[in-house]
Every structure is written in C-alpha cells, then in structure tokens.
Amino acid sequence: MFLRTRRLWTPVGIALALTACAAAAADAATLVMGARIGPGKATTRFVLELSAQVKFAVFTLDKPYRVVVDLPPVTWRLDPLRSPRGGLVQAFRYGHFSDTVSRVVLDVARPVAVEKAFLLPPGNDRTHRLVVDLRAVSAARFARRASPGRAAKPAAETESIPLPKRRVARSLKTVAVDPGHGGVDPGAIGARGTREKRVTLAHARAVARKLRATGRYRVVMTRKRDVFVPLRRRVATARRHAADLFISLHADSIPGRRVRGASVYTLSERASDREAAALAARENKADLIAGINLTEQTSEVASFLIDLAQRQTMNDSAIFARILSREIGKVRTLLRNTHRFAGFAVLKAPDVPSVLVELGYLSHRSEERILNRPRERERVAAAIVRAIDSYFAREQAFKR
C-alpha cells in the first residue's frame, strides 16, 4: 500500500515499487500442488511440486531425527488425507512456520544425510519440482555433518519467560485464549480430513468475540491465524499480559472411532489415567513436530517447564474446570470422567489458572461434522463465556 506524502512519485520510483509488489505477489501466489516420495531402504527421494521457482533451505535435526525444508510463504494445495511416506520417511507435515517461512518437516526412521537438494524446471507436467535426496548414515556421520548454523532457532524458542507481574485492580479481567496447534503443526486429522488447527482457531475466535461483546473482558489470543506458535511462547504471552485465566482449545483423535465427547484438563504431574497421559505426551511434542531444535534451551526456560504450578493456581484451575464442564455439558456430549488432569506443558504458568478443553473427537465422524458447524461452535463459545462469568462471580463473592 502506498502512503500519501508531499513528495510526488517519479516514473522510476513507480516502476521500482510495482516491480517489488509484483515480486511479492509472485511469492505469495506460489502453490504447492503435490508431494511424493520415491522409497528405498538406503536412499529416499522427496519431491514437492510447485507452481513457480522458489528459494529454499534444507537441514536436519536430531532427538528425534527430522529433515526440515524451509520455503518462502506459499499456498498449500495438498490433500490432507494423503500423507506421502515410505522408505526412510515415516511422517510428513507442512504449514506456515512464521510470517516469512513455510515449512515441511519429514520424520525419518534413522540418521540421514541430505545428499542433494535442487530445483527442476517444468517438464511435461508443467510444474516446478523441488527434489531432496536422502541417504541413511550412521549416527556418528550424522553428528559430523550436522550444521547448527542452518538450524538456527527462531527468536520465539529462546524467548525468556517474564517474571510474574504484581496484579493490580482492573476494571476488565484478562482472558488468554489459546487455539491449539497451527501452521506446520496441524494437530489431529479428522476422519473426513478436518485439521484440528482450523477447528481450534474457529472456536477461539468465537469465544474471543463473545467475551469482548460483554464489555467485561480484555482478550489476548496466542495466535490469530494459521501460524505455528511454540508452547513456551503461548505460556509467556499469557503471563506477559498478566492474564487472569488461560484457556487452551483442542480437538482429539484416537483409533477408537466410537469414542466421542468433550472434556476439560488441568495440570498435574501425575495423570488421571493412561489416556490423559498419552494425550499430554502428544500435545507436548508440538515444538518437535514443527521442526524446532530443543537441545539448547536456556536454563530459565528448562527450569520453568519442569516447575510445579503454585498450589493455589492449581486449585483455581480445578474450580474453573468443574464450572466449565457443567456449562459445556448443557450444549454438548461430555466424555466420561469429564475433568481430567495430566502434565501439559501449555498449562504450566504458575500464576495463571489454566485449563485445556478437548472440544470433541475428530476421529468420530458425527462429532467431526458437529465441530465444523458454525451454529454448534457458537453454542460452545457461549457456554465457555457463561463459565468464565460464573468463575469470576464466584471469585468476587469470596473477596467480599
């Protein structure tokens, strides 16, 4: 967008500006139209089909072993139900990693080396192709060939955790709403291809809109669009804004296609059951899924992530979880033993009462349809707002 100034644009200036805009538009319009794998036991070829030539970077990570391909912002046109895998590649993920980076992450079965990475011009299929050739290597050779500089961590990964702020009297309560997953981390994939990251963002927007409409709340969202946000930054955002409440929204998927129902989780280092423990383990891998190197955390962050939440905060979280379960139960089916607990990293703010809401199961076809319906989304959002009202009304009553 051009800004109006007192100085007139010259023909040369206009030409340069239009060229820059055209180049930016070309990058933004680049499509990723296909992904395929040429499997082999010792070597594997990964191919992305593109609508235009792009710049790219490829690097490897360990613990676990992964191959990361970074691109400029692109538009994805891939079938969510078709995930190429085979040979050395066990899983494939893609999405927006940041404002300037789109990312592909390949989980590999063992240490690998990137033998070649190159672009091929359009052939008979009229698409550009990005080719990455992988070869299995020993762990020792992987360590020798690893290039730490290529795997530089984003600023968010080493972001310091702010100290708790002294709470001051405010006319508006601050609620942090956290849409789970995002960008290169799609979360669960539904029976019909629904991505958890889209369900959580749609529900979070509805909750935020209804909270603001009351005039009683200030809302902070950990992400407002389809972009990846590390777990630590989500927690840090709530603490930086001195949030009075933190709500993380998710939607589960499990092999048992008949299981359905919403549930609410709070923090405990000892899980309430095996299912809760397994869910927390999956959710806590979000940063690994997005291709972040976690081997060099600052001591401040590392100590924070294993620190137990303050007892009063955990008590407040449990109180809110019970209220929230009751309100959601008025509009949606609930999972048996609705209030559960486990060691979720995203709930570990020691001074902010926090809950994680599983809105339902995308693996259940009927519930997947319900989670995609705007009307049902509004009903759940209204129930969450009622629960927040009740929680703060209760808190205010005890202060009198």
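Residues numbered from 1 in each chain as written. Predicted model: local features only at pLDDT ≥ 70, side-chain atom pairs only at ≥ 80, totals over all residues. Heavy atoms only, no water.

Novice: I would appreciate a short explanation of the overall build of the chain in the present structure.
Specialist: The helix and strand tally for the chain stands at 10 helices and 15 strands. Buried positions account for 50% of the 400 residues belonging to the chain. Long-range pairs, those at least 24 residues apart, make up 77% of the contacts in the chain between residues at least 6 apart in sequence. As presented, the chain carries roughly 20000 Å² of accessible surface, and 54% of it is formed by carbon and sulfur atoms. (Helix = DSSP H or I, 4+ residues; strand = E, 2+ residues; numbered from the N terminus. Buried < 20%, exposed > 50% of the residue type's maximum accessible area, 1.4 Å probe, protein only. Contact = heavy atoms within 4.5 Å. Areas by Shrake-Rupley, 256 points an atom, 1.4 Å probe, with all protein chains shown as cover.)

Novice: Please clarify how the sheet that holds strand S10 (residues 173–179) should be interpreted in this entry.
Specialist: Within a sheet, each strand pairs with its neighbour through backbone hydrogen bonds, oriented either parallel or antiparallel. In space, the 6 strands of this open sheet follow the order S11-S10-S12-S15-S13-S14, with mixed pairing throughout. For this open sheet the edge positions go to strand S11 (217–221) and strand S14 (334–342), each flanked by a neighbour on one side alone. The average undirected angle you get between the axes of adjacent strands in this sheet is 20°. Strand direction decides the pairing type here: strand S12 (residues 245–252) and strand S15 (residues 354–361), joined by 6 bridges, are parallel. Bridge pairing in S15 places Leu249 opposite Val357. The sheet strands contacting helix H4 (residues 231–240) are S10, S11 and S12, and the helix crosses S10 at an angle near 170°. Relative to the sheet, helix H5 (residues 274–283) contacts S12, strand S13 (262–267), S14 and S15, its axis offset from that of S14 by approximately 60°. (Pairing = 2+ DSSP bridges. Axes fitted to C-alpha atoms, helices over the stretch in contact; angles between N-to-C directions.)

Novice: Would you mind going over the sheet that holds strand S4 (residues 66–71) with me for this structure?
Specialist: Pairing is antiparallel across the open sheet formed by 4 strands, whose spatial order is S3-S4-S7-S6. At either end of the open sheet lies a strand with only one pairing partner, and these are strand S3 (57–61) and strand S6 (89–96). Ignoring strand direction, the axes of neighbouring strands in this sheet form an average angle of 15°. In terms of strand pairing, S3 meets S4 through 5 bridges, oriented antiparallel. Looking at S4, one finds that Phe59 is bridged to Val68.

Novice: Even after reading the chapter, I still don't get the pattern of salt bridges, so can you show me in this structure?
Specialist: As a working rule, side chains carrying opposite charge can pair if their charged atoms are close by. In the structure shown here, the tally under the stated rule is 23 salt bridges. A salt bridge links Asp99 to Arg225, with the shortest nitrogen-to-oxygen separation between them at 2.0 Å. In this pair, Asp99 is assigned in the loop between S6 and strand S7 (102–108) and Arg225 in the loop between S11 and H4, connecting sequence segments 126 residues apart. What makes Asp99 exposed here is its relative accessible area of 56%. Given the relative accessible area of 40%, Arg225 is considered partly exposed. Across the salt bridge formed by Glu378 and Arg209, the nearest N and O atoms sit 2.4 Å from each other. (Salt bridge = Lys/Arg side-chain N within 4 Å of Asp/Glu carboxyl O.)

Novice: Help me out: how do you make sense of H5 in this one?
Specialist: Owing to its 3.6 residues per turn, the α-helix brings residues three or four apart onto one side. The set of residues buried in H5 consists of Ala276, Leu279, Ala280 and Glu283. The arc enclosing the buried residues of H5, seen along the axis, measures out at 100°, which places them on a common side. N-capping of H5 is provided by Asp273, with a side-chain oxygen placed 2.6 Å from the backbone N of Ala276. (Arc of directions from axis to C-beta. Polar contact = N/O pair within 3.5 Å; in protein donor to acceptor, adjacent residues only side chain to side chain.)

Novice: How should I be thinking about the packing of aromatic side chains in this particular structure?
Specialist: Aromatic rings in a pair are described by how distant their centres are and how their planes are angled relative to each other. Across all of its chains, the model carries 9 aromatic pairs by this definition. On the numbers, 5.7 Å between centres and 45° between planes, the contact of Phe46 with Phe92 is tilted. Of this pair, Phe46 sits in strand S2 (residues 43–50) while Phe92 is found in strand S6, placing the two residues 46 residues apart along the sequence. For the pair Phe46 and Phe92, one class covers both residues: buried. Feature note: the residues Phe46, Trp76, Phe92 and Tyr94 constitute an aromatic cluster, connected by ring pairs. The aromatic ring of Phe97 is capped on one face by Arg103, whose charged end is 3.8 Å from the ring centroid. (Phe/Tyr/Trp six-rings, centres within 6.5 Å; stacked < 30°, edge-to-face > 60°. Lys NZ or Arg CZ within 6 Å of the ring centre and 35° of its normal.)

Novice: Got a minute to help me understand the pairing of S13 in this structure?
Specialist: On a regular strand, each side chain points to the face opposite its neighbour's, so the side chains alternate between the two faces of the sheet. The element S13 is largely enclosed, with a buried count of 6 among its 6 residues. Relative to S14, S13 runs parallel, the two being bridged by 5 bridges. In the sheet register, Ala262 faces S14, and the bridge partner there is Leu334.

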